[in-house]
Amino acid sequence: MDTKTVYLQVHSKHLHIKTEGEEYRFRLSIGMKYLLELLQNPGRRYYAMNLYNALNPVPEEYRLLANQADIERVAQHLYSFDDLPPIYKADWQTVKEVGARLNFLIAQKALHLEYNDLAWLEEIEEEMDFLCRYLNDVMRKSGKLSTFMSSEKQVVRSVNKAIKRATSEIGKELPALGTYLDKRVYAWHLMYYNPGGEYHFDLG
């Protein structure tokens, strides 16, 4: 199997990818920066939080607070979100009332369709869509109430989504390379690039 060389170069706010005589330009998003860090260090394991902190430094005005020990922050009545009890996004009474309203709208929609009364359909469907999105947000697939994510979980999700967006953007122009990256870049709490031999990355 032939190995294809992919040249990666950063120019100002863009990432240039050159392979097989063709050159493509992509916006240098934070996801592209994460991806470049992984590609530059094949096999190296990164924790999502560490990768995030490395490329998103704490602003100077918050640096002192960030470097304080937990006990010092507690003494100032400053608590980490991770140290607090879980905060639920809704309560069961609200979920019950929203569910009842949604069932009512479903019945109304069926009634309007039966009598071919389309005037109110758009308004009914807009409210149904809003209520469905609300229930999807406050309810887990398991049927339990959702809680607000801890800061660490938010960072893990943010980093993973950013990398996924980056490989997706590359895949739009270079489908084979995008598929390779999706398969070879492992991401969640622990992330790394595991070379497969199909591509060699030259980062200049």
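Given the structure is predicted, the values throughout are model-derived calculations rather than measurements. (Residues numbered from 1 in each chain as written. Predicted model: local features only at pLDDT ≥ 70, side-chain atom pairs only at ≥ 80, totals over all residues. Heavy atoms only, no water.)

### With respect to the pairing of strand β3 (residues 22-27)
Stage number 1. Note that strand β2 (residues 14-19) and β3 share six bridges and pair antiparallel. Across the sheet, the residue bridging to H14 is R27, located in β3.
Stage number 2. The hairpin formed by β2 and β3 contains two residues between the paired strands, and E20 there has a positive phi angle of roughly 50°. (Pairing = 2+ DSSP bridges. Helix = DSSP H or I, 4+ residues; strand = E, 2+ residues; numbered from the N terminus.)

### As for the side chain of N160
Stage number 1. Within the secondary structure, N160 is located in helix α7 (residues 151-173).
Stage number 2. By relative accessible area, which is 11% here, N160 ends up buried.
Stage number 3. Among the polar contacts made by the side chain of N160, one reaches the main-chain amide nitrogen of W188 at a distance of 3.1 Å.
Stage number 4. Apart from residues lying up to four places away in sequence, N160 is in contact with A187, W188 and M191. (Buried < 20%, exposed > 50% of the residue type's maximum accessible area, 1.4 Å probe, protein only. Polar contact = N/O pair within 3.5 Å; in protein donor to acceptor, adjacent residues only side chain to side chain. Contact = heavy atoms within 4.5 Å.)

### Here we look at the nonpolar core
Stage number 1. Ranked by size, the top nonpolar core spans 31 residues in total, and within it I17, I170, L177, L181 and F201 carry the most contacts.
Stage number 2. For this core, the elements supplying multiple residues, two or more each, are β1 (4-11), β2, α1 (30-40), α2 (48-55), α7, α8 (175-184), β6 (190-193) and β7 (199-202).
Stage number 3. If you tally residues by element for this core, the top one is α7, at seven residues.
Stage number 4. Leaving out residues up to four positions away in the same chain, L181 has contacts with L35, L39, T167, I170 and F201. (Core = buried A, V, L, I, M, F, W, Y, C linked by side-chain atoms within 4.5 Å.)

### Overview of the pattern of salt bridges
Stage number 1. For the structure shown, the criterion picks out eight salt bridges.
Stage number 2. With its nearest N and O atoms 4.0 Å apart, the salt bridge here joins E20 to K4. Of this pair, E20 sits in the loop between β2 and β3 while K4 sits in strand β1, and the two are 16 residues apart along the sequence.
Stage number 3. Overall, the relative accessible area of 63% leaves E20 in the exposed class.
Stage number 4. What makes K4 partly exposed here is its relative accessible area of 35%.
Stage number 5. Here K164 and D182 are joined by a salt bridge, their closest N and O atoms 3.4 Å apart. (Salt bridge = Lys/Arg side-chain N within 4 Å of Asp/Glu carboxyl O.)

### Regarding α8
Stage number 1. Among all positions of α8, only L177, G178, Y180, L181 and R184 are buried. Each buried residue of α8 sits inside an arc of 160° when the element is viewed along its axis, so together they form one side. Structural note: α8 exposes P175 and T179 on the side pointing more than 90 degrees away from its buried face. (Arc of directions from axis to C-beta.)

### Let's talk about the packing of α1 against α2
Stage number 1. Between α1 and α2, the shortest axis-to-axis distance is 11 Å and the interhelical angle comes to 115°. The angle between α1 and α2 places the two elements in the roughly perpendicular class. Remark: the crossing between α1 and α2 carries right-handed chirality. Taking contact as the criterion, the partners of I30, K33, Y34, E37 and L38 in α1 are, on α2, L51, Y52 and L55.
Stage number 2. Within the contact of α1 with α2, the residues separate by chemical class into six nonpolar, no polar and two charged. (Axes fitted to C-alpha atoms, helices over the stretch in contact; angles between N-to-C directions. Parallel < 35°, antiparallel > 145°, perpendicular 65-115°, else oblique. Left-handed = near helix turned anticlockwise from the far one by under 90°. Nonpolar A, V, L, I, M, F, W, Y, C, P; charged D, E, K, R; others polar.)

### Here we look at the pairing of β1
Every other side chain in a regular strand lies on the same face of the sheet, so the side chains alternate between the two faces.
Stage number 1. Pairing analysis gives four bridges linking β1 to β7, with the strands arranged parallel. Paired with T5 across the strands is H200, a residue of β7.
Stage number 2. Where β1 meets β2, five bridges bridge the pair, whose relative direction is antiparallel. Across the sheet, the residue bridging to V10 is L15, located in β2.

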